[in-house]
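Here's the letter readout for the chains.
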Amino acid sequence: MEKEEWTVVKTLRHARHDWMNDIQIVKGYLALNNLDEAARAADHIIVKAVQESRLCNLGMPGMAELFMTFNWSQHLFRLEYELDDGIKTGSADDQKALSFFSRLFALLEQHIKDYNGHELFVHFSEKEECLFVRMEWMGDVANRPLLLDKINEIPKELQLKCAVLETGCQDILMEVTF
């Protein structure tokens with residue numbers, strides 16, 4: 001996965017585009033006099049803004065940039081994330097987190113069979129004064145055993161505590177502590 005350079009203008013253009021799409025959805029529901037859906041769409045915008053704010057407030061700018069801009073580029077899967085309120089991760093290493101997620105995202109893209117609505121959901125919380133991340137991969141992958149082996153190599157190389165948990169279905173659950 002090649003790192004894309006984000007200038008201020010390019011970043012603002014993408015952010016404005018996202019906001020315009022969100023506002024147009026609300027306006028569409030209002031034009032149809034569907035107030036319940038308009039309210040739900042507005043609530044979605046608020047939740048998204050709160051999550052972006054929490055991500056920015058972690059004090060991990062490299063990781064925050066990766067997550068906030070990921071869906072602005074063409075990828076074979078969608079990235080969704082959620083952060084608990086009040087996470088304090090002063091000891092978390094931004095460069096290790098950035099390296100971990102960049103490598104994980106690249107591995108996932110290399111092992112996707114066909115694009116078919118694949119998604120990685122990432123939940124950030126605090127555990128024993130560390131940043132604790134639980135991830136759920138939803139989608140089909142090629143050569144699953146090889147992918148799992150390669151995923152397990154990333155935290156070892158970065159000296160991170162990690163667990164990869166398989167489920168009975170296609171999903172893959174991962175936990176990592178920064």
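Let us look at the structure shown here.

Reading the values: rules and limits
- Residues numbered from 1 in each chain as written.
- Predicted model: local features only at pLDDT ≥ 70, side-chain atom pairs only at ≥ 80, totals over all residues.
- Heavy atoms only, no water.
- Helix = DSSP H or I, 4+ residues; strand = E, 2+ residues; numbered from the N terminus.
- Buried < 20%, exposed > 50% of the residue type's maximum accessible area, 1.4 Å probe, protein only.
- Contact = heavy atoms within 4.5 Å.
- Areas by Shrake-Rupley, 256 points an atom, 1.4 Å probe, with all protein chains shown as cover.
- Lys, Arg positive; Asp, Glu negative; His and termini not counted.
- Charge placed at Lys NZ, Arg CZ, Asp CG, Glu CD.
- Expected span 1.5 Å × (residues − 1).
- Salt bridge = Lys/Arg side-chain N within 4 Å of Asp/Glu carboxyl O.
- Polar contact = N/O pair within 3.5 Å; in protein donor to acceptor, adjacent residues only side chain to side chain.
- Phe/Tyr/Trp six-rings, centres within 6.5 Å; stacked < 30°, edge-to-face > 60°.
- Lys NZ or Arg CZ within 6 Å of the ring centre and 35° of its normal.

Across its full length, the protein chain carries five helices and five strands. When its helices and strands are written in sequence order, the protein chain yields α-α-α-β-α-β-β-α-β-β. For the protein chain, the spread of C-alpha atoms along the principal axes amounts to about 55 × 40 × 30 Å. Evaluated residue by residue, the protein chain yields a buried proportion of 38% over its 178 residues. Of the contacts made within the protein chain by residues no fewer than 6 positions apart, 68% connect residues no fewer than 24 positions apart. Approximately 10,500 Å² of the protein chain is accessible, and the part contributed by carbon and sulfur atoms is 51%. Here the protein chain contributes 19 positively and 30 negatively charged side chains, and the mean placements of these two sets differ by 2 Å.

Once that is clear, we can look at helix 4 (residues 94–110). Here helix 4 spans 24 Å end to end across 17 residues, near enough to the 24 Å set by a 1.5 Å rise per residue. Buried within helix 4 are the following residues: D94, A97, L98, F100, F101, L104, F105, A106, L107, L108 and E109. Close packing links the buried residues of helix 4 with helix 3 (61–70), strand 1 (78–83), strand 2 (119–127), strand 3 (130–138), helix 5 (144–158) and strand 5 (172–177).

Next up on the list: the environment of L104. Along the chain, L104 falls in helix 4. Here L104 falls in the buried class, since its relative accessible area comes to 0%. With 46 residues separating them along the chain, L104 and K150 place their C-alpha atoms 8.9 Å apart.

We now examine the environment of C56. Here C56 shows up in helix 2 (residues 35–56). Each C-alpha atom of the pair C56 and C130 lies 17 Å from the other, and the pair is 74 residues apart in sequence. With near-sequence residues (within four places) excluded, C56 lies in contact with A64 and M68.

The next point concerns unusual backbone geometry. Trans is the common state for peptide bonds, and a negative phi is the common state for residues other than glycine. Phi is positive for N143, which is not a glycine, with a value near 50°. Examined against the element boundaries, N143 turns out to sit in the loop between strand 3 and helix 5. The backbone of Q159 sits at a positive phi, close to 55°, despite the residue not being glycine. By secondary structure assignment, the location of Q159 is in the loop between helix 5 and strand 4 (161–166).

Pairing between side chains of opposite charge can happen when their charged atoms approach one another. A full pass over the atoms with the stated rule returns seven salt bridges. Measuring nitrogen to oxygen at the nearest pair gives 3.9 Å for the salt bridge that ties R54 to D85. With R54 in helix 2 and D85 in the loop between strand 1 and helix 4, the pair connects residues that are 31 residues apart, well separated along the chain. E157 serves as the salt-bridge partner of R103, at 2.2 Å between the closest nitrogen and oxygen. Here R103, found in helix 4, pairs with E157, found in helix 5; they are 54 residues apart in sequence, far enough to count as distant.

Mapped onto the fold, H118 is located in the loop between helix 4 and strand 2. On the accessibility criterion, H118 (4% relative accessible area) is buried. At a separation of 3.1 Å, a polar atom in the side chain of H118 contacts the main-chain carbonyl oxygen of D140. Beyond its immediate sequence surroundings of up to four residues, H118 is in contact with L76, F77, R78, I112, W137, M138, G139 and D140.

Right, let's talk about the packing of aromatic side chains for a bit. If you walk through the whole model with that rule in mind, you get 13 aromatic pairs. Judged by centre distance (5.7 Å) and plane angle (40°), the rings of F101 and F178 are tilted. Here F101 is found in helix 4, whereas its partner F178 is found in the segment after strand 5, with 77 residues between them in sequence. For F101, a relative accessible area of 0% gives the class buried. A residue is classified by how much of its surface remains accessible, and F178, at 9% relative accessible area, is buried. Ring pairing ties together the aromatic residues F67, F70, F77, Y81, F100, F101, F105, F124, W137 and F178, which thus form one cluster. K127 extends its terminal NZ or CZ atom over the ring of F132, reaching a point 4.5 Å from the ring centre.

Everything listed here is a matter of geometry and, on its own, says nothing about what the molecule does.
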